[in-house]
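# Coordinate inspection notes
Next come the chains, spelled out residue by residue.
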Amino acid sequence: MTVQIGDRIPSSNLTRATDDGPRPVTTDDIFAGKTVALFAVPGAFTPTCSAYHLPGYKDLREDLAGKGVDTIACVSVNDAFVMGAWADSQGVGKDEIVMLGDGNGDFTRQLGLSMDATGFGMGERSQRYSMLVRDGLVEQLNIEQPGEFKVSSAEHLLAQL
């Protein structure tokens, strides 16, 4: 079942890329008591994700903060090393966007937002989406149609605030 507006983010473990290497974090660490703009990408270093998705959130970080967003987080079914390297390649500082690895896809499956990308040699991945989460509750949810990049953009989420 796919997560819906009004649902609580499930308890799950993720891995955060830090300057000291990967660090385990829980969804409570990320969402409890905070307003979080979360976006998910099918894969770090993929064309749309690198050219538009991540840069859009980096560019609009201040605008989102001005609308009450405490944290911007990006999650992908990649490991934290890949997420850290991707952030570095995009010039994203560790405090600008929290880069989260969902290496086994557990969190993505719990949200009901996984997709089968085996036809592209990528295995199970996350659908492209964005959501606004306040204190662990989903307030906005924007799931892209396959192959599209519209509703999960930083611009779209900002317009919803």
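Values in this document were obtained by computation on a predicted structure and should not be read as measured data.

Turning next to the nonpolar core. Counting 22 residues, the largest nonpolar core has Phe 39, Tyr 57, Ile 72, Cys 74, Trp 86, Ile 97 and Met 99 as its most contacted members. In this structure Ile 97 touches Phe 39, Leu 54, Tyr 57, Lys 58, Ile 72, Ala 73, Cys 74 and Val 92, once residues within four positions along its chain are discounted. Counting residues in each nonpolar core, the second largest holds 21 residues, with Ile 9, Val 25, Leu 38 and Tyr 129 among its members.

Another point: the sheet that holds strand β9 (residues 137-143). Read across the sheet, 7 strands follow the order β2-β1-β5-β4-β3-β8-β9 without closing on themselves; strand pairing throughout is mixed. Looking at strand neighbours, the two that pair on one side only are β2 (21-26) and β9, the edges of this open sheet. Taken pair by pair, the neighbouring strands of this sheet meet at an average axis angle of 30°, ignoring direction. The sheet contact formed by strand β3 (residues 35-41) and strand β4 (residues 71-76) spans 6 bridges and is parallel. Paired with Ala 37 across the bridge in β4 is Ile 72. Most of the contacts of helix α2 (residues 47-59) go to β3, to which it runs at about 180°, and overall it touches β3, β4, β5 (98-101) and β8 (129-134). Contacting β1 (13-18), β2, β3, β4 and β5, helix α4 (residues 80-89) runs over the sheet at an angle of about 150° to β5.

Definitions and limits used
Residues numbered from 1 in each chain as written. Predicted model: local features only at pLDDT ≥ 70, side-chain atom pairs only at ≥ 80, totals over all residues. Heavy atoms only, no water. Core = buried A, V, L, I, M, F, W, Y, C linked by side-chain atoms within 4.5 Å. Buried < 20%, exposed > 50% of the residue type's maximum accessible area, 1.4 Å probe, protein only. Contact = heavy atoms within 4.5 Å. Pairing = 2+ DSSP bridges. Helix = DSSP H or I, 4+ residues; strand = E, 2+ residues; numbered from the N terminus. Axes fitted to C-alpha atoms, helices over the stretch in contact; angles between N-to-C directions.

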